Each structure stands twice: as C-alpha cells, then as structure tokens.
Amino acid sequence: MRMTEARQGRLIHGLAQTLAVWLTAALAVLLVPHPAAAWAGIGVGLVASVLLGQWHQRRSRADTAVGAFTGAGLWPILIAITLIAINIVSMSTSDYE
C-alpha cells in the first residue's frame, strides 16, 4: 500500500512541475503581443515539458517522468478549454450584443 502512495506522490510531482512550465508559457503568451513569439512560447513550453520528462527518466524516476509526459499533453488542453469557457461565459454576459 505504501509503495502505491509513494508512486502516486511522484506522479503528482511530475504533473505539478509541468503545470508550472505551462502556466509560465501561458503567461508569456499573454504578455507578448506578437503572434509568432506567442507560438514560440507554446513550442518552448512543449519542449520544456518533454525535456523535464526525459530528465526524470534518466534519473530513474519513472513515475515522475510519466507525470511530466502526461502533463505535456494534459495541461495545454485544460488551459485551452478553460480559456474557451471563459470566453463563452464573457460573451454570453456581455451587454454589447
């Protein structure tokens, strides 16, 4: 039982680390007005997440690497869904229709 809890903790560490990478990338995208630089920020976020997973994998931290690789795909999707939902709600409550 303890082995499973330890593995789950390490998996969450990988997910949390990639969340920090993607939040930084999203902040950079919001702060940079040029579309090309924004796309570059997204690319850097993806590469940084994959490199983080590779780093954990080489250090024999397989569970943390799985969390990092999962976060490389999971967090951008969840951030995009959140931004779309915020946009839909703000448009539905807007007085400028």
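Now for a quick tour of the structure.

Reading guide: rules and limits
- Residues numbered from 1 in each chain as written.
- Predicted model: local features only at pLDDT ≥ 70, side-chain atom pairs only at ≥ 80, totals over all residues.
- Heavy atoms only, no water.
- Helix = DSSP H or I, 4+ residues; strand = E, 2+ residues; numbered from the N terminus.
- Buried < 20%, exposed > 50% of the residue type's maximum accessible area, 1.4 Å probe, protein only.
- Contact = heavy atoms within 4.5 Å.
- 1 Å grid on protein atoms, 1.4 Å probe; cavity = no way out; pocket = protein on both sides within 12 Å on 5 of 7 lines; lining within 4 Å.
- Points joined across faces, edges and corners; volume = space filled by probe spheres on them.
- Nonpolar A, V, L, I, M, F, W, Y, C, P; charged D, E, K, R; others polar.
- Expected span 1.5 Å × (residues − 1).
- Bend = angle between axes of the 7 residues up to and from the residue.
- Patch = residues over 30% accessible without salt bridge, like charges linked within 9 Å, V, L, I, M, F, W, Y side chains within 5 Å.
- Areas by Shrake-Rupley, 256 points an atom, 1.4 Å probe, with all protein chains shown as cover.
- Salt bridge = Lys/Arg side-chain N within 4 Å of Asp/Glu carboxyl O.

Thoughts on the overall build of the protein chain
Scanning the protein chain from terminus to terminus reveals three helices and zero strands. Along the protein chain, helices (α) and strands (β) appear in the sequence α-α-α when read from the amino end. For the protein chain, the residues scored as buried account for 20% of the 97 residues in total. Contacts in the protein chain between residues at least 24 apart in sequence constitute 65% of all its contacts with a sequence separation of at least 6.

A few points about the layout of surface pockets
Roughly 260 Å³ of volume is contained in the largest pocket. What lines the largest pocket is simply Trp22, Ala25, Ala26, Val29, Leu30, Ile42, Pro76, Ile79, Ala80 and Leu83. Only α1 (2-31) and α3 (62-92) provide two or more residues apiece to the lining of the largest pocket. Sorting elements by how many residues they give to the lining of the largest pocket places α1 first, with five residues. In terms of residue class, the lining of the largest pocket is made up of 10 nonpolar, no polar and no charged.

Section: α3
Here α3 spans 45 Å end to end across 31 residues, near enough to the 45 Å set by a 1.5 Å rise per residue. Of all the bends in α3, the largest measures some 40° and sits at glycine 71. When we look at burial in α3, the residues that qualify are Thr64, Ala65, Gly67, Ala68, Gly71, Ala72 and Trp75.

Topic: a nonpolar patch on the surface
Taken together, the side chains of Leu74, Ile77, Leu78 and Ile81 present a nonpolar region at the surface, about 340 Å² in accessible area. Relative to the elements of secondary structure, leucine 74 occurs in helix α3. Judged by relative accessible area, leucine 74 falls into the partly exposed class, the value being 32%.

Here's the deal with the side chain of histidine 56
Among the secondary structure elements, histidine 56 is positioned in helix α2 (residues 35-58). Here histidine 56 falls in the buried class, since its relative accessible area comes to 3%. Setting aside anything within four residues of it in sequence, one finds histidine 56 in contact with Gln17, Arg61, Thr64 and Ala65.

Concerning α2
Taking 1.5 Å of rise per residue, the 24 residues of α2 would be expected to cover 34 Å, and the 35 Å separating its terminal C-alpha atoms lies within 8% of that figure. Those residues of α2 not exposed but buried are Ala38, Gly41, Gly45, Ser49, Leu52, Gly53 and His56. Just past α2, the residue serine 60 takes up positive phi, approximately 60°.

Purely spatial values, then, with no claim about function.
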